[in-house]
Amino acid sequence: MISTILPVLDEYKLTNDLLECISKNEYKPAEIILIDNGSIEPIFELVKIYSNLNIQYVRLDENIGVNPAWNVGIEKAKYDVISILNNYIIIGKYFFRSIKDTMFNRKNQNIGICVPNTIKEIDMVIRDTPYEKPILQEIDNREGWAFTIRRKIIELGGYIPTELKIFSGDTFFFDTSKKLGFKNYKIMNYNVIAISDYMH
């Protein structure tokens with residue numbers, strides 16, 4: 001089973017679009033921890049709209065930063081595989097199945113983190129062709145808008161340090177994974193679209 005962490009600060013439409021994508025996934029995460037970082041927009045309404053998803057809504061009184069929000073979500077996550085998503089991505093219907101088949105494959109227990117292949121052009125379309133086995137390629141660089149990590153890495157290497165509020169939280173986890181002897185991989189044949197206007 002997969003826990004998913006989704007921190008948001010307003011951006012209701014982007015969050016709605018991503019939750020709609022998740023709701024259409026063939027294999028859905030067992031839980032979604034929606035961290036509301038002090039939004040003005042009515043993010044809570046999305047919990048009712050997507051009642052087919054197991055969403056745990058966590059409201060914070062102020063914006064504590066994306067990395068501390070990830071830490072909050074990780075503390076609340078129940079499962080040993082954790083997907084951390086930003087809400088400015090679009091995913092296809094096999095996104096979580098490709099993660100499941102990668103991270104729960106006994107042959108892949110050396111994989112600490114996996115990421116999808118990212119398309120940055122906003123006009124690209126994800127085409128849900130018939131499902132096929134994930135094609136993996138080892139990577140050295142970090143990709144923080146949609147990554148899946150084993151809880152074991154966090155248990156052994158710790159949470160994101162408090163001084164990292166906005167940047168480098170993903171780098172911390174990717175580096176920790178490698179230091180602990182795990183390898184990080186990209187799923188080459190499953191794409192996400194990172195919406196260009198929101199790329200950092």
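This write-up is about the structure you can find in this document. Since the structure is predicted, the reported quantities are computational estimates derived from the model, not experimental observations.

Cut-off values and rules
- Residues numbered from 1 in each chain as written.
- Predicted model: local features only at pLDDT ≥ 70, side-chain atom pairs only at ≥ 80, totals over all residues.
- Heavy atoms only, no water.
- Salt bridge = Lys/Arg side-chain N within 4 Å of Asp/Glu carboxyl O.
- Helix = DSSP H or I, 4+ residues; strand = E, 2+ residues; numbered from the N terminus.
- Buried < 20%, exposed > 50% of the residue type's maximum accessible area, 1.4 Å probe, protein only.
- Pairing = 2+ DSSP bridges.
- Phe/Tyr/Trp six-rings, centres within 6.5 Å; stacked < 30°, edge-to-face > 60°.
- Lys NZ or Arg CZ within 6 Å of the ring centre and 35° of its normal.
- Polar contact = N/O pair within 3.5 Å; in protein donor to acceptor, adjacent residues only side chain to side chain.
- Contact = heavy atoms within 4.5 Å.
- Arc of directions from axis to C-beta.

Side note on the pattern of salt bridges
Moving on, step 1. This model, assessed by the stated rule, comprises 8 salt bridges.
Moving on, step 2. A salt bridge links Asp 17 to Lys 13, with the shortest nitrogen-to-oxygen separation between them at 2.8 Å. Of this pair, Asp 17 and Lys 13 both sit in helix 1 (residues 12–23), 4 residues apart, which is roughly one turn of that helix.
Moving on, step 3. You can call Asp 17 partly exposed: its relative accessible area is 25%.
Moving on, step 4. In this structure, Arg 97 and Asp 101 form a salt bridge, with 3.8 Å as the shortest nitrogen-oxygen distance. You can see Arg 97 and its partner Asp 101 sitting in helix 4 (residues 95–103), 4 residues apart, about one turn around the helix.
Moving on, step 5. Exposure remark for Arg 97: the relative accessible area of 25% places this residue in the partly exposed category.
Moving on, step 6. Via salt bridges that share partners, Glu 26, Arg 97, Lys 100 and Asp 101 belong to a single interconnected network.

Things to note about the pairing of strand 9 (residues 183–194)
Moving on, step 1. Summarising burial for strand 9: 9 of the 12 residues are buried, a large majority.
Moving on, step 2. Pairing geometry for strand 5 (residues 89–91) and strand 9, over 3 bridges, is antiparallel. Along strand 9, the bridge assignment pairs Ile 90 with Ile 193.
Moving on, step 3. Bridge analysis of strand 6 (residues 111–119) against strand 9 gives 8 bridges, and the strand direction is parallel. Within strand 9, the position partnered with Ile 111 by the bridge is Lys 183.
Moving on, step 4. Sheet analysis places strand 7 (residues 136–138) next to strand 9, joined by 3 bridges and oriented antiparallel. Bridged to Leu 136 within strand 9 is Ile 187.

What about the packing of aromatic side chains?
In this description, a pair of aromatic rings is defined by centroid distance and the angle of the planes.
Moving on, step 1. Applying the stated criterion to the full structure yields 8 aromatic pairs.
Moving on, step 2. Between Tyr 131 and Tyr 190 the ring centres are 5.5 Å apart and the planes differ by 25 degrees, which places this aromatic pair in the stacked class. Placement of the pair is Tyr 131 in the loop between strand 6 and strand 7 and Tyr 190 in strand 9, with a sequence separation of 59 residues. The two residues Tyr 131 and Tyr 190 agree in class, both being buried.
Moving on, step 3. Taken together, Trp 70, Phe 147, Phe 172, Phe 173 and Phe 174 form an aromatic cluster joined through their ring pairs.
Moving on, step 4. The lysine or arginine in question, Arg 97, covers the ring of Tyr 131, its NZ or CZ lying 3.7 Å from the ring centre.

So, the side chain of Asn 71
Moving on, step 1. Within the secondary structure, Asn 71 is located in helix 3 (residues 66–76).
Moving on, step 2. For Asn 71, the side chain forms a polar contact with the main-chain oxygen of Ile 160, separated by 3.0 Å.
Moving on, step 3. Excluding residues within four positions of it along the chain, Asn 71 makes contact with Tyr 159 and Ile 160.

As for helix 4
Moving on, step 1. The set of residues buried in helix 4 consists of Phe 95, Phe 96, Ser 98, Ile 99, Thr 102 and Met 103. Looking straight down helix 4, one finds that the buried residues subtend no more than 155 degrees of arc, so they occupy a single side.

Overview of the environment of Glu 11
Moving on, step 1. Position of Glu 11 relative to the elements: it lies in the loop between strand 1 (2–8) and helix 1.
Moving on, step 2. Judged by its relative accessible area of 27%, Glu 11 is partly exposed.
Moving on, step 3. Remark: the alpha-carbon pair of Glu 11 and Tyr 88, spanning 77 residues in sequence, is separated by 8.9 Å.

Some details on unusual backbone geometry
Moving on, step 1. Despite not being glycine, Asp 10 has its phi angle at roughly 60 degrees, a positive value.
Moving on, step 2. By secondary structure assignment, the location of Asp 10 is in the loop between strand 1 and helix 1.
Moving on, step 3. The exposure class of Asp 10 is buried, given its relative accessible area of 17%.
Moving on, step 4. Unusually for a residue other than glycine, Glu 11 sits at a positive phi of about 55 degrees.

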